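Each chain is listed here by its residues.
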Amino acid sequence: MAENYDVIVIGSGPGGYIAAIRAAQLGLKTAVVEREHLAGICSNWGCIPTKALLRSAEVLHYAQHPGSYGIKIEGAVTPDLKAIVARSRGIAERMNGGVGFLMKKNKVDVIWGEAKLTKPGEIVVGKSTKPAVQPQAPLPKNTKGEGTYTAKHIIIATGARPRALPGIEPDGKLIWTYFEAMKPEEMPKSLLVMGSGAIGIEFASFYRTMGVDVTVVEVMPNVMPVEDAEISSIAKKRFEKQGMKIHLEAKVTKVEKGANSITAHVEMKDGKVEKITADRMISAVGVQGNIENLGLEALGIKTDRGCIVIDGYGKTNVPGVYAIGDVAGPPMLAHKAEHEAVICVEKIAGLPNVHPMDKLKIPGCTYCHPQVASVGITEAKAKAEGRDIRVGRFPFVANGKAIALGEDQGMVKTIFDKKTGELLGAHMVGAEVTELIQGFVVAMNLETTEEDLMHTIFPHPTISETMKESVLDAYGRALNA
C-alpha cells in the first residue's frame with residue numbers, strides 16, 4: 001500500500017530542501033525524493049564549492065603580491081592543486097551532511113531513488129539512473145527506498161544541468177563542464193572558456209589567478225551579458241589587465257580534439273575564423289532544466305523551452321503539481337529557488353498575504369575578481385522602456401576603505417525614475433559587492449526613494465559608503481567625488 005504524504009518534493013537542491021523544511025514547519029507530512037546527492041548542484045558542484053576554489057585563488061593572489069601591503073614573503077608562493085580541490089570537496093561534503101541533518105531535524109522523510117509522476121497525486125520511485133554518483137555523506141536514518149508514494153501536493157524541484165552545443169559536447173576529458181572544471185587532476189597550461197556568464201567567468205577568473213593562460217569566447221557584445229553594459233566594460237578591462245584574452249561577438253563553430261589538447265575554430269566579429277589551441281576547454285553556455293523522465297507528458301504538464309511553465313506561486317496547469325527553481329525557468333539562481341519554495345509551500349498551506357515572485361527584485365552575483373552584483377533593470381533597459389531617469393555613479397578610487405584595502409578599482413551605479421525617485425536598478429563592480437548588493441535589494445522591496453537613501457547613515461569607513469554616494473551623484477550632490 002502506497003505511503004501517503006501531504007507534500008512530496010522531487011529534488012533536494014536549494015529549492016527542494018527549503019520547500020520540504022517549510023512544509024514540515026507548517027505541520028505538513030513531508031518527504032523529499034533525491035536520486036544523486038542531498039543539497040543538489042548548488043552545494044555539491046555549484047555555488048558553494050566554486051566559492052571555496054575562488055577563495056583559494058584570492059588568498060594566492062594576496063600572497064603573490066605581499067609588497068602591496070608592506071609584507072615580505074621569502075621564497076615562491078605556489079598553489080597546491082590537490083589540497084585546493086580537497087578543501088573544496090570537503091566543504092561540499094559538509095554542506096551535503098548539513099542538509100541531511102536538517103531533514104532529520106524537521107522530520108522530513110528522504111526517499112532515495114528516481115521519481116516519476118504516474119497520475120495526479122502519485123509517484124513511483126525507482127532505482128537511480130546515476131550509476132557513478134553516491135551520496136557524499138551518510139544518509140539520514142529516515143531514508144526510504146523504491147516504491148509508490150502519494151501526496152495531495154507534489155513539488156518538482158529537479159534543477160538543471162549544463163547545456164551542450166551540438167558538435168561541441170563535453171567529453172569530461174578535453175571539453176569540460178563545471179563538474180570537471182571543479183576537480184582537475186592537474187592544472188592545464190592553457191584554457192578556452194566558451195561563454196562568459198556567471199559560471200564561465202568565475203572559472204576563467206579562478207584559473208587565470210592560478211596562472212593558466214585563459215581565453216574567453218562570448219557570442220554577445222559584453223562579458224556577463226545580463227549585466228549593465230558599463231559595469232561589464234569595467235570588469236572586462238580588469239580581466240584583460242590580469243592577462244585574460246577576451247573575444248566578444250565571437251562564437252566557437254567547431255572543435256578539433258588532439259591527444260591532449262583542443263583546437264577551436266572561432267568565428268570573430270568580422271566573420272574571419274581564428275584557430276585557438278588550448279589544453280582544455282570549458283563549455284559554459286548555460287543550463288537546461290531536468291524535465292526528462294518525470295512523466296510530465298503523460299499528465300499533460302506544460303513546458304516551454306525546456307522548463308516547466310508555472311504561475312507566480314509555482315502552480316503548473318495540472319492541479320496538485322508544482323515546480324520551483326531552475327526547472328521552472330530563469331533566472332536560474334539558488335536564492336530564487338529558495339524564495340520560490342517558500343512562496344509555493346505557504347500558498348499550499350493557505351497562509352494569508354503570500355506574494356508572487358517579483359523577478360525584478362532578484363539580485364544577481366558573480367564571484368569573479370572583481371566581483372559583480374546587480375538588482376533591477378539596466379540603464380539600457382530603462383531607456384528602452386522610455387523611462388525618464390537619473391543615473392548616479394561613484395568610483396571605489398574615491399572611497400577611503402577601498403583604498404586602505406588595496407581594492408580601489410570598482411564602481412557603484414544607481415538608476416532612478418526622475419519623476420518618482422523610485423530606485424529602478426543598482427549595479428556594482430569591485431571588492432565584496434556581492435555582500436553590498438543586498439542593501440539595495442532591501443531598499444527596492446521597501447519601495448525606498450532617493451530621499452530615504454540620502455537620509456540613511458552609512459558607517460565610515462566602509463565600502464558601503466559608495467552606495468550612498470552613488471545615490472547622491474544621481475542628484476548632483478556627491479560629497480566625495
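My aim in this report is to walk through the structure given alongside it, one point at a time. Here the structure is a predicted model, which is why all the values come from computation and not from measurement.

1. Quick notes on empty space enclosed by the protein
Enumeration according to the criterion identifies one cavity of 30 Å³ or more in this entry. Taken as a whole, the largest cavity spans an internal volume of roughly 40 Å³. Residue lining of the largest cavity: Thr50, Leu53, Leu54, Glu202, Phe203 and Phe206, and that is the complete set. Taken together, the elements giving at least two residues each to the lining of the largest cavity come down to helix H3 (47-64) and helix H6 (198-209). Of the residues that constitute the lining of the largest cavity, the class distribution is four nonpolar, one polar and one charged.

2. Details of the pairing of strand S11 (residues 213-217)
In the case of a regular strand, side chains alternate between the two sheet surfaces. Most of S11 sits inside the fold, with four of its five residues counted as buried. Where strand S10 (residues 190-194) and S11 come together, five bridges link them in parallel fashion. Across the sheet, residue Leu191 finds its bridge partner in S11, namely Val214. Following the chain from S10 across H6 to the adjacent parallel S11, one finds a crossover that is right-handed. For S11 and strand S12 (residues 245-247), the ladder comprises three bridges, and the chain directions are parallel. In the sheet register, Thr215 faces S12, and the bridge partner there is Lys245.

3. Notes on unusual backbone geometry
In this structure, the amide linkage connecting Pro330 to the following residue, Pro331, adopts the cis form with an omega of -5°. Here the amide bond leading from His460 into Pro461 is cis, since omega sits at -5°, within 30 degrees of zero. Relative to the helices and strands, Pro461 is located in the loop between helix H13 (450-454) and helix H14 (465-474). One non-glycine residue, Asn293, lies in positive phi territory at about 60°. If you check the backbone angles, Arg305 has positive phi at about 50° while not being a glycine.

4. Considerations on the sheet that holds strand S14 (residues 262-267)
A sheet is described by the order of its strands in space; here three strands give the open sequence S13-S14-S15, paired in antiparallel fashion. The open sheet terminates on both sides in strands that have one partner only, identified here as strand S13 (251-257) and strand S15 (273-278). Between one strand axis and the next, the sheet turns through 25° on average, direction left out of account. In terms of strand pairing, S13 meets S14 through six bridges, oriented antiparallel. Paired with Val252 across the two strands is Val266, which belongs to S14.

Procedures and definitions
Residues numbered from 1 in each chain as written. Predicted model: local features only at pLDDT ≥ 70, side-chain atom pairs only at ≥ 80, totals over all residues. Heavy atoms only, no water. 1 Å grid on protein atoms, 1.4 Å probe; cavity = no way out; pocket = protein on both sides within 12 Å on 5 of 7 lines; lining within 4 Å. Points joined across faces, edges and corners; volume = space filled by probe spheres on them. Helix = DSSP H or I, 4+ residues; strand = E, 2+ residues; numbered from the N terminus. Nonpolar A, V, L, I, M, F, W, Y, C, P; charged D, E, K, R; others polar. Buried < 20%, exposed > 50% of the residue type's maximum accessible area, 1.4 Å probe, protein only. Pairing = 2+ DSSP bridges. Right-handed = clockwise from strand over helix to strand, strands pointing away. Axes fitted to C-alpha atoms, helices over the stretch in contact; angles between N-to-C directions.

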